[in-house]
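What the coordinates show
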There are 2 protein chains.
Amino acid sequence: MQHPKRIAIIGSGLVGSLLAIYLEKRGHQVDVYDRRPDIRQTEFSGRSINLAMSDRGWKSLRSVGIDEEIKSLGIPMDKRAIHPMEGDVYFQYYGKEGEAIYSISRGVLNKKMIDLAEEAGAKFIFESKVWDVALPEATIFLGESENEPWSPVAYDHVFGADGAFSRVRHKMQRRSLFNYSQEFLEAGYKELTIPANPDGTHKLDKNSLHIWPRGNFMLIALPNLDGSFTCTLFMPLQGDNSFEALHDEKTVENFFGHYFEDVRGEIDNLKKYFFQNPTSTLVTIKCFPWTYWDKVALVGDSAHAIVPFYGQGMNAGFEDIALLNDLMNVHGDDWETIFKQYEQQRKPNADAIAELSLRNFREMSSKTADPDFLLRKKIENWFSEKHPDKWIPLYTRVTFSTKPYAEALHEDERQQRIMDEVMKMENIKGEWQTERVEARILELLASS
Amino acid sequence: MQHPKRIAIIGSGLVGSLLAIYLEKRGHQVDVYDRRPDIRQTEFSGRSINLAMSDRGWKSLRSVGIDEEIKSLGIPMDKRAIHPMEGDVYFQYYGKEGEAIYSISRGVLNKKMIDLAEEAGAKFIFESKVWDVALPEATIFLGESENEPWSPVAYDHVFGADGAFSRVRHKMQRRSLFNYSQEFLEAGYKELTIPANPDGTHKLDKNSLHIWPRGNFMLIALPNLDGSFTCTLFMPLQGDNSFEALHDEKTVENFFGHYFEDVRGEIDNLKKYFFQNPTSTLVTIKCFPWTYWDKVALVGDSAHAIVPFYGQGMNAGFEDIALLNDLMNVHGDDWETIFKQYEQQRKPNADAIAELSLRNFREMSSKTADPDFLLRKKIENWFSEKHPDKWIPLYTRVTFSTKPYAEALHEDERQQRIMDEVMKMENIKGEWQTERVEARILELLASS
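Everything numeric in this text was worked out from a predicted model, so none of it was measured.

Here's the deal with the packing of helix H11 (residues 335-367) of chain B against helix H14 (residues 405-423) of chain B
All names here are of chain B. Relative to each other, H11 and H14 sit at 50°, their axes nearing to 7 Å. As far as their axial angle goes, H14 and H11 are oblique. Taken as a pair, H11 and H14 cross one another with a handedness that is left-handed. Across from Arg346, Pro348, Asn349, Ala352, Ile353, Glu355, Leu356 and Arg359 in H11, the residues of H14 making contact are Tyr405, Ala406, Leu409, Asp412 and Glu413.

Focus: the interface of chain A and chain B
Much of the literature gives interface size as the accessible area that the parts lose upon coming together. Taken together, the contact pairs 23 residues of chain A with 22 residues of chain B. Of all residues in chain A, the largest losses of buried area upon contact with chain B belong to Asn147, Arg174 and Gln182 of chain A, amounting jointly to 26% of the total for that side. Contributing elements (two or more residues each) for the side of chain A that touches chain B: helix H5 (167-173) and strand E13 (179-194) of chain A. When residues of the side of chain A that touches chain B are assigned to their parent elements, the largest contribution, 7 residues, is made by E13 of chain A. Across the side of chain A that touches chain B, the residue classes break down as 9 nonpolar, 9 polar and 5 charged.

Focus on the sheet that holds strand E3 (residues 51-53) of chain B
The strands making up a sheet associate through backbone hydrogen bonding, with each pair oriented either parallel or antiparallel. Residue and element names in this part refer to chain B. Strand order across the open sheet formed by 3 strands is E3-E7-E4, with antiparallel pairing between neighbours. A single partner strand is all that each edge strand has here, and the edge strands are E3 and strand E4 (75-77). Looking at each pair of strands side by side, their axes are set apart by 40° on average, direction ignored. Bridge analysis of E3 against strand E7 (residues 101-104) gives 3 bridges, and the strand direction is antiparallel. Paired with Leu51 across the two strands is Ile104, which belongs to E7.

Overview of the environment of Ala352 of chain B
All names here are of chain B. By the secondary structure assignment, Ala352 is in helix H11. Along the backbone, Ala352 and Glu69 are 283 residues apart, and their C-alpha atoms lie at a distance of 30 Å. The contacts of Ala352, once residues within four sequence positions are left out, are Tyr405, Ala406 and Leu409.

Quick word on the relation of the copies chain A and chain B
Once turned by 180° and shifted 0.0 Å along the axis, chain A lies on chain B with an RMSD of 0.0 Å. Here the transformation between the copies is reduced to the relation of a two-fold axis. Counting the interface residues of chain A, we find that 96% of their copies in chain B are interface residues as well, pointing to one common contact surface.

Concerning the sheet that holds strand E9 (residues 130-134) of chain A
Residue and element names in this part refer to chain A. Across the sheet, 3 strands lie side by side as E9-E10-E11; this open sheet has antiparallel pairing. The outermost strands of the open sheet, each flanked by one partner alone, are E9 and strand E11 (151-154). Between one strand axis and the next, the sheet turns through 25° on average, direction left out of account. Judged from the 4 bridges that link them, strand E10 (residues 139-142) and E11 form a sheet pairing that is antiparallel. Residue pairing across strands places Thr139 opposite Ala154, the latter belonging to E11.

Considering the pairing of strand E1 (residues 6-10) of chain A
Residues and elements named next belong to chain A. Where burial is concerned, most of E1 is hidden: 4 out of the 5 residues are buried. Bridge count for E1 against strand E2 (residues 29-33) is 5 bridges, and the pairing is parallel. Looking at the pairing, Ile7 lines up with Val30 of E2. Crossover E1 to E2 through helix H1 (residues 14-25) is right-handed.

Thoughts on unusual backbone geometry
Across residues other than glycine, the phi torsion is negative in most instances, and most of the peptide bonds are trans. Residues and elements named next belong to chain A. For the peptide bond that leads from Phe288 to Pro289, omega is 0°, which places it in the cis range. One can find Pro289 in the loop between strand E17 (280-288) and strand E18 (291-292). Backbone geometry places Ala138, a non-glycine residue, at a positive phi of 50°. Note that Ala138 resides in the loop between E9 and E10.

Topic: a nonpolar patch on the surface
A cluster of nonpolar residues, Val89, Phe91 and Tyr93 of chain A, forms a patch on the protein surface that exposes about 310 Å² of accessible area. Structurally, Tyr93 of chain A is set in strand E6 (residues 90-93).

A few points about helix H6 (residues 249-259) of chain B
Residue and element names in this part refer to chain B. Within H6 the residues assigned to the buried category are Val252, Phe255 and Phe256. Burial along H6 is one-sided: seen end-on, the buried residues are contained in an arc of 90°. At its buried positions, H6 is contacted by strand E13 (179-194), strand E16 (229-236), helix H7 (261-264) and helix H8 (270-276).

A look at the domain arrangement of chain A
Residue and element names in this part refer to chain A. Looking at the assigned domains, one finds that chain A contains domain 1 (6-78 + 105-182 + 283-360), domain 2 (188-281) and domain 3 (370-447). Computed from C-alpha atoms alone, the centre-to-centre distance between domain 1 and domain 2 is 30 Å. Contacts between the two partners involve 17 residues from domain 1, matched on the other side by 19 residues from domain 2. Interface area for domain 1 against domain 2, summed over the two sides, is near 1,400 Å², with a carbon-plus-sulfur share of 63%. The interface formed by domain 1 and domain 2 contains 0 salt bridges. For the pair domain 1 and domain 2, the interface holds 4 residue pairs in polar contact (both at pLDDT 80 or more). In terms of residues, the side of domain 1 that touches domain 2 owes the most to one element, strand E4 (residues 75-77), which gives 3 residues. Counted by class, the side of domain 1 that touches domain 2 contains 9 nonpolar, 6 polar and 2 charged residues.

About the thresholds
- Residues numbered from 1 in each chain as written.
- Chains lettered and ligands numbered in written order.
- Predicted model: local features only at pLDDT ≥ 70, side-chain atom pairs only at ≥ 80, totals over all residues.
- Heavy atoms only, no water.
- Axes fitted to C-alpha atoms, helices over the stretch in contact; angles between N-to-C directions.
- Helix = DSSP H or I, 4+ residues; strand = E, 2+ residues; numbered from the N terminus.
- Parallel < 35°, antiparallel > 145°, perpendicular 65-115°, else oblique.
- Left-handed = near helix turned anticlockwise from the far one by under 90°.
- Contact = heavy atoms within 4.5 Å.
- Buried area = accessible area lost by both parts, 1.4 Å probe.
- Nonpolar A, V, L, I, M, F, W, Y, C, P; charged D, E, K, R; others polar.
- Pairing = 2+ DSSP bridges.
- Least-squares fit on C-alpha atoms with pLDDT ≥ 70 in both.
- Buried < 20%, exposed > 50% of the residue type's maximum accessible area, 1.4 Å probe, protein only.
- Right-handed = clockwise from strand over helix to strand, strands pointing away.
- Patch = residues over 30% accessible without salt bridge, like charges linked within 9 Å, V, L, I, M, F, W, Y side chains within 5 Å.
- Areas by Shrake-Rupley, 256 points an atom, 1.4 Å probe, with all protein chains shown as cover.
- Salt bridge = Lys/Arg side-chain N within 4 Å of Asp/Glu carboxyl O.
- Arc of directions from axis to C-beta.
- Domains from an automatic or database assignment.
- Polar contact = N/O pair within 3.5 Å; in protein donor to acceptor, adjacent residues only side chain to side chain.

Here is the structure:
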């Protein structure tokens, strides 16, 4: 039996709320602070890509008994629906029969998670700004504004779940020996909507993640329960086809008409929302250490913000919480060991999913038009279908597995080295679907 | 003729003071703020490696007419004096006859630079803390402490010369699309002193930079005008031979007696100062952009802090200022273009010297005991002496040249590729000083 502690969580987002549920169920007394108003009482700003919950997320919800309740908020997507410039839409199944990722609206999910945390006993304090944290004392400082006197509130432990631009991390960052980086992509994103049909049904196949890949930009659409789709346009911020170049209604109209002809007519009031909705940026944030003694720990985006091209941001944050819970089961009241083990075990996996997410972006931006790359992918898929036990695709390892991300990255690098050799084979372009190639891959697998 | 502007420089260190001199000589009205007291009225804290001024630094001082005055504060060092564990000290000349770097105490130099800036007309405001900067308005906010009301002061332009942990950069860092990283070495450093002889002469050769290389740690000593040497011990923070391991007088005494036997007796009150002086850390800081519109610019360490193993930190900061001055000559009142060109031209060079400085650290820590590495260096030196026009050593390119750092890095990589080939030659160990090897290098140079 652990001693109950007074714990502050800064940030009432998805990861902070899940942590509150876990800690309350362990008997701790949890206060969750957020500088924003209660999301349950406000219109959601609509500045986030729809979430794709996959196995890692589900496992973290299941351990605390809320997976079924959350599942009812989601729509399973068992495939990508690819919309090429020319020709018909085609489908790529994500995994085996029954394997799917779940589209969930961030706003809907966040509201539900806060409800569940409150039911578990957590206290939420909204519109309350934390300006400073005294790390050795686990004391937070609240105030109306940065340059007015602040009130201290002392806790036993403080968690920073306050996102990519974390104030808690910021305090740790100004200590010596704190490694930190923030790196922005030269691409940004903007949300748009495809409304439901008048009868409430979806205008596109609702069990697909829809993609309109266009080289260095793309549109995606994820289904919502109410029949709508949340669309996200990813595009360079500057240059030929860029947010900067789409500067008036006419350029937007022409651009969508040309590149997204099949869906252009379905998007809700494109000319209005394209300019009303913000253009958001994409950042990778890395840091270390994640904890301060047994007092303060960072979780989720505040420790490891990633770009969204693997749909793993929330899943990775939820895994942080499940790992903390596992370590609390093992180490009881020894919070120093819990925090130390947490950051040591988790950091390599956070770095791995950050790298994989960036690679996926680069692949989508620059490689999809490269015939060699496409041939590689075809050979991998062909071999994987013949030998599903010997060649598990990277996407499957990341999405439909809970094995560490670092293992998935490592295995991917091994597979890439094998494919480098395969691509050197004589007449590989003409004869890739042959026993000769199959035998070569099996041989390389056995020797690597 | 440019329009005179009201300019704030945050930070009265070496780079801030030099910038103040340049700007005053251009007719601007400059206020320099520093949160610390006037260094001219305080005991210097002694927390900095002695500086080594080289060609880039001198050129930047010469353009504004203060190089001769500063030279009188320095001691030329034309060679390294290497003190091995066993055997006698030996010398490595840095360059050609007459080429030298200059040892200057940071404190002495900084006091002089502030004097010169005041003479030029700059106003210094010490013990004045800048808490915030409104970037679009070039307005700084001053106050006694962070959480009390601040007073705004508006300028035409603001420069952040406030060092590695710059407050001005910190403000820029929280903007979107600001890339930033801080990465600490696992080694730190501590200063010690070798006092002058009673007659004021130096206890060691005064025209040398003394080095006691010991694998993953080393001691260095640089001469001061008063007959003393400033010593710096670089060592891992943790592990076998580390600051952590030297935890009491006895371990310190044994360590110095064993590893630095020839100099141990000369160090001033080792047992006292080893524990009284702080152990400092070493960080590389990179960021981009360095400027905000035509309003705010970062210079020196605030834009690009590097580890000290090439002795180029101050030299690189001074080059920033000389480049800004050159751009002001070309672009007149067009500060937007001046700032844009400044960051675009300077960033690749700052990245290059950061990388070179880290490589020098890694070389010193891990490669000095590698026979292959030592052979490489011997071959390079031998060839360079035979063909000084064809093989300019990296150290010379960085130290005794004002060509861009990025070119020096690029050329180094070319030389390394050539040496990779040379090291593959048959019996290279036994026959490196031969015409065969010379001919091969000439051939590789011609074809690369």
